[in-house]
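# Coordinate analysis (summary)
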Amino acid sequence: MKGFLGIDVGSVSTNIVLLNDHKEVLISLYLRTKGNPIKAVQDGLQDISVQLAGTGIDIAGVATTGSARRLAGVVVGADTVKNEITSHAVAAIFVQPEVQTVIEIGGQDSKLIIIRNGVVVDFAMNTVCAAGTGSFLDHQAVRLQIPVEEFGQLSLQSNNPVRIAGRCSVFAESDMIHKQQMGYSLPDIIAGLCEALTRNYLNNLAKGKDLKSPVLFQGGVAANVGIKDAFEKALDKQVLVPEDHHVMGAIGAAIIARETVKNKGSTDFKGLELSEFFYRAESFECNHCPNICEIINIFRDDVLLARWGSRCGRWEQEAHHILTSSKRW
Amino acid sequence: MGIKKITFAHMGTSALAFKMLFQDLGYEVINPPVPDKHILSLGVKYSPEFACIPFKIVLGSYLKIIENNPHVIVSAGGFGPCRAGYYGEMHRRILNELGYNPDFIFFWPPLKKPLNFFKKIYQLKDKTSFISAMIALKRAWKKLKALDQIEILSHKIRAREKNHGMTTYAFHRGLTYLDEARTTSSIREAREAAVEELRKVPVDNQRSVLNIGIVGEIYVQLEPAANFHIEELLGNMTAVPHRTIFLTNFARKSPFSHDSKAKKIAKPFLPEMVGGHGQQSVGDVVSFSQQGYDGVIQLAPFTCIPEIVAKSLMPYLSKRMNIPVLTLFIDEQTGQAGVETRVEAFIDMIQQRQKD
């Protein structure tokens, strides 16, 4: 049987999904990236190889997405490397063909994707501020000593959310501390925080955009019912959280891998046994011209695997024979 | 005193033409450095926090060259109620406070302020005769036009190139030919050689390419180091960028030039002059849509009021004129990866829209 891998390597988590030919999720993994994307991918594939042993499933295609998509793509031999906006949109359209709005909040970025008739027509991504993303919620949970998973439930207990300044994550934190010192209850403060973050998201990304139903909420933060609830109140619309909300980017990538391989005929996948190899990345500045490009070399056991970064292409030309699969991303 | 040293800020390929002009006028030219991380951090350190990225990069460039003791710094003057009009003066004061006192000469486009232009040329030409100065100016203009011409050609070819990087390589070779050319006839020959160099790049003529308009503030349009080399980025994604501002059209700014037409087109949507290139950006989006372009990217320095005003009209214009618009705000915090992701998703989106 054929399986298609989607690998989403983000700032906080690395998600890997295996779909069968009918686009059903066979395996989904959610791992922490911990600042080492290659290691996270190696560990994930190792896990998948154990789970697949004896099932007769062959990996027939693989695609990577997320902020480390290019690096991960080279390591695994991706058939295609896609940006996370496209991947999330593809997955959203797959689980809910009528979808018109996708809210995605991940570890360090948030996106808004507007879809009409199954096609992305507009999108926005946060630029200057990471308030309201997963990292910030993580940080607040640690500070309040509540597991982040319970954050949302607690906020639902509130009848009277306090108003928290959500413009900036640092000020949001000092405002929360201030409200705690004033003696407000924890559920009211957390509910207030969820509302503030929702406000921040809508102000930053949704200005001038028409958010129509159905609205899908995906990304790690969608697990937080408090934020979902705040979105429903702010938009006055039902907000749907898909079952696999935390791995939607990887699902999208796997679907894209399936399409790509269909057109291409074969896969470039390098196999699940990556953990046997040692990978390292090195960079240097090329002083050949005033551009002073930073050239990045990726080695697998001292063999050059990929190289990028030169604008004139001279370093890539030299490494051309190994680069054929990752040239266009 | 011996030969005076002169310098100016780097802005795209135009540096090559200005270098020749000032050498012809009898100066020793201190080559303006291409903006890099070091220059940006210098600029950020000595600029007001809310100054825009062009201000910071230009100040950083001055601070980097100031070690070579230039006697004269030449800079462009700004227009209207945009802060850029004061920037030259601000730069001068910041340098003064740091203990440097080079002479500043500010230039405005000749057709806008003709008297001022000739006064400045007079000031600049020093001991050179007026006739020789005019001849030098004409020659520099020829070079500027040739530079723009090969750049536009490189954009068309890059989107269709068979091997990544070949066009950029050929383009840079072409630039060195033009840099070496010092007479009107050799400029023409160099231009032809540069065109020839670009024509030799193997291309795939069957490839369907997207045409993307680029609008926005002048500095972030013209200086690739400030806009994350967006034209190369687009070219690598098989899209042809069409910039609205080139120094050759900016310098010809007059009541009949391109930007005045753009402003006229913008009138129904934005009747007020908002300073900078704000109104022009709006008009350009409208005309790109009328000409059937596939999308528009608006480049704006973070905190740039004219572009913020223009940006607030973009969702409406995009819907009304049925053309996708992506706005990129640029400042020292903007990351290369973020720009790449957005541009890539934008191109993906346009391709999907057209498939349906």
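What counts as what
Residues numbered from 1 in each chain as written. Chains lettered and ligands numbered in written order. Predicted model: local features only at pLDDT ≥ 70, side-chain atom pairs only at ≥ 80, totals over all residues. Heavy atoms only, no water. Helix = DSSP H or I, 4+ residues; strand = E, 2+ residues; numbered from the N terminus. Rg over C-alpha atoms; globule rule 2.2 N^0.38 Å. Buried < 20%, exposed > 50% of the residue type's maximum accessible area, 1.4 Å probe, protein only. Contact = heavy atoms within 4.5 Å. Pairing = 2+ DSSP bridges. Axes fitted to C-alpha atoms, helices over the stretch in contact; angles between N-to-C directions. Parallel < 35°, antiparallel > 145°, perpendicular 65-115°, else oblique. Left-handed = near helix turned anticlockwise from the far one by under 90°. Nonpolar A, V, L, I, M, F, W, Y, C, P; charged D, E, K, R; others polar. Domains from an automatic or database assignment. Buried area = accessible area lost by both parts, 1.4 Å probe. Salt bridge = Lys/Arg side-chain N within 4 Å of Asp/Glu carboxyl O. Polar contact = N/O pair within 3.5 Å; in protein donor to acceptor, adjacent residues only side chain to side chain.

## Concerning the overall build of chain A
Across its full length, chain A holds eleven helices and 13 strands. On C-alpha atoms alone, chain A measures out to a radius of gyration of 21 Å, which is about the 20 Å that the 2.2 N^0.38 rule sets for 329 residues. The principal-axis extents of the C-alpha atoms in chain A amount to approximately 65 × 50 × 40 Å. In chain A, which comprises 329 residues, the share counted as buried stands at 54%. Long-range pairs, those at least 24 residues apart, make up 61% of the contacts in chain A between residues at least 6 apart in sequence.

## Brief notes about the pairing of strand β3 (residues 25-32) of chain A
In terms of strand pairing, strand β2 (residues 13-20) of chain A meets β3(A) through seven bridges, oriented antiparallel. Bridging from a neighbouring strand, Ser13(A) pairs with Arg32(A) of β3(A).

## Focus: the packing of helix α13 (residues 278-290) of chain B against helix α14 (residues 305-320) of chain B
Residues and elements named next belong to chain B. Where α13 meets α14, the closest approach of the two axes is 8 Å, and the angle between their N-to-C directions is 25 degrees. With respect to their mutual orientation, α13 and α14 come out roughly parallel. In this structure, α13 crosses over α14, and the sense of that crossing is right-handed. Contacts from Gly278, Ser281, Val282, Val285 and Val286 of α13 reach α14 at Pro306, Glu307, Ala310, Leu313, Met314 and Leu317. Residues belonging to the contact of α13 with α14 are distributed by class as follows: eight nonpolar, two polar and one charged.

## Some points on the domain arrangement of chain B
Residue and element names in this part refer to chain B. When the domains of chain B are assigned, the result is domain 1 (5-127), domain 2 (140-158 + 160-208) and domain 3 (209-356). At the junction of the two partners, domain 2 supplies 15 residues and domain 3 supplies 15 residues. Between domain 2 and domain 3 the total buried area reaches about 1,400 Å² when both faces are included, carbon and sulfur atoms providing 63% of it. The largest per-residue losses of area from domain 2 upon contact with domain 3 belong to Trp141, His155 and Arg158, which jointly make up 37% of the total buried on that side. Across the pair Arg243 and Glu151 runs a salt bridge whose closest N-O atoms are separated by 3.0 Å. Run the count over domain 2 and domain 3 and you get three residue pairs in polar contact (both at pLDDT 80 or more).

## Observations regarding the sheet that holds β2(A)
Spatial strand order, β3-β2-β1-β4-β5 (chain A): five strands in an open sheet with mixed pairing. Among the strands making up the open sheet, the edge pair consists of β3 and β5 (80-81) of chain A.

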